[in-house]
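One-letter residues, chain by chain:
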Amino acid sequence: MAGWILHLVGLRGIVEGEDFLIAEGKSVTVGRSRACDLSLRKCRRWVEREKSGVSGDKEFHTVSRTHLKITFAAADRVEIEDLSSNGTYVDDRRVDRIIITDLSDRTHELTLGVEERFRLEFARDEKQEPPAGPGPAPSGRPAAAKRAVPRGGEMPPDPEPRRRRLDDEDRQ
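Below, the discussion takes up the sheet that holds strand β4 (residues 38-39). Taken in spatial order, the 5 strands make up an open sheet running β4-β3-β5-β6-β9, and their pairing is mixed. Every other strand in the sheet has two partners, leaving β4 and β9 (97-100) as the edge strands with one partner each.

To continue, consider the side chain of His7. Inspection of the secondary structure puts His7 in strand β1 (residues 4-12). A polar contact is formed between the side chain of His7 and the side chain of Asp19, at a distance of 2.8 Å.

Here we come to the pattern of salt bridges. In this structure the tally under the stated criterion is 8 salt bridges. Measuring nitrogen to oxygen at the nearest pair gives 3.1 Å for the salt bridge that ties Arg119 to Glu121. Here the salt bridges share partners, and the residues they tie into one network are Asp91, Asp102 and Arg106.

So, how was this worked out
- Residues numbered from 1 in each chain as written.
- Predicted model: local features only at pLDDT ≥ 70, side-chain atom pairs only at ≥ 80, totals over all residues.
- Heavy atoms only, no water.
- Pairing = 2+ DSSP bridges.
- Helix = DSSP H or I, 4+ residues; strand = E, 2+ residues; numbered from the N terminus.
- Polar contact = N/O pair within 3.5 Å; in protein donor to acceptor, adjacent residues only side chain to side chain.
- Salt bridge = Lys/Arg side-chain N within 4 Å of Asp/Glu carboxyl O.

Here you go:
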């Protein structure tokens, strides 16, 4: 399944409207800490709240600083490891550690605590050569809207989702 990457689509909570891409062979941590590869405090909705003067961690009371680790080992092996005390859920079932082997056939929902929810699915790796001719998104649904994220620049507010590739050069 060369040319595919793991796609996390934010469905609910602070992550709603966010898009994250994870390359094969990569592991990322997810949580409220800015040290996480995918930090909820770096999401557009949280940044907008901070800019408007709204503070507090009410929304994050069930998300740990480092809540979980996602490892995209291979096209048929995505590992989710719970690192929290409040729980990680895959398809509404609490898990400590799970290996997903059927992501090429169906999507899965990932919930952190009680509010933050992602959809896990495959997407085409845009760094790969595009296939000959048009084709449907891997899930059969239309592809999500995309836009470039300027390096080192502020992201203007945008009602459309954005995609961020989570790899070594993006970690801070």
